[in-house]
Amino acid sequence: VSLVGQIQGEVCSHHPEPGYRDIGVAAHRNPRVMVRFGTPLVSPAVTTRIGVDVGGSGVKAGVVDVEAGELVSDRLRVHTPEPSTPYAVAAAVKDLVDQLDAPGRLGLGFPSVIRQGWVATANNIDKSWIGVNALELFETTIGREIIMINDADAAGLAEVRYGAAKGVNGKV
């Protein structure tokens, strides 16, 4: 199943609410990521959001113009805490987010298979993440609604929306 085809409208069969689409590979058999379509991520008046990338060696954050797909602030970076336990990483993300100014929910890329907010794998982060509801942890720690996605899936989605794959039909 192509990522582009999924983004263009295949309905998510395993999600009870209308308007959700899968963007994970073989998502109907093994759901990894769901993104709500039909409801804009931002209101027409708001074009910026905070984006966060949690990585094995660093946590990065910045304000992104979601219409243009461009960074519009300085890119902030701190080393990923060692050990990279859930509360330590959540605190590092909060410290970065508190330095940025953009309203509303934020996007967070995470180096794990994420199933409805739950961490399923831990290759580049501490193994204590497995089985943690990371979405709830980050939302509680930061105090904002979060859209969370696997970091590689986020890169693919960005490429489809803003990069070389924009408007191109084909297989990923």
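These notes cover the structure that comes with them. (Residues numbered from 1 in each chain as written. Predicted model: local features only at pLDDT ≥ 70, side-chain atom pairs only at ≥ 80, totals over all residues. Heavy atoms only, no water.)

### Overview of the overall build of the protein
Quick reminder of the rule: Starting at the N terminus, helices and strands are each numbered in turn, a helix being any DSSP run of H or I of at least four residues and a strand any DSSP run of E of at least two. For each residue, the accessible area found with a 1.4 Å probe, counting protein chains only, is set against the maximum for its type, and the residue is called buried under 20%, exposed over 50%, and partly exposed in between. For this analysis, residues touch if any pair of their heavy atoms sits within 4.5 Å. Working definition of accessibility: Shrake-Rupley area with a 1.4 Å probe, residue cover restricted to the visible protein chains.
In terms of regular secondary structure, the protein is built from four helices and 10 strands. Going from N to C terminus, the protein has its helices and strands arranged as α-β-β-β-β-β-β-α-β-β-β-α-β-α. Counting only residues that meet the buried cut, the protein has 38% of its 172 residues in that class. Within the protein, contacts between residues separated by at least 24 positions form 48% of all contacts whose residues are at least 6 apart in sequence. Of the roughly 9100 Å² that the protein leaves accessible, carbon and sulfur atoms contribute 53%.

### What about the pattern of salt bridges?
Here is the rule: The salt bridge definition used is simple: a Lys or Arg side-chain nitrogen within 4 Å of an Asp or Glu carboxyl oxygen.
Counted by the stated rule, this structure contains three salt bridges. As a salt-bridge pair, Lys-60 and Asp-53 come within 3.5 Å of each other at their nearest N and O atoms. Here Lys-60 falls in the buried class, since its relative accessible area comes to 17%. Put simply, Asp-98 and Lys-94 hold a salt bridge, and the shortest N to O gap is 2.9 Å. Its relative accessible area of 27% is what places Lys-94 among the partly exposed residues.

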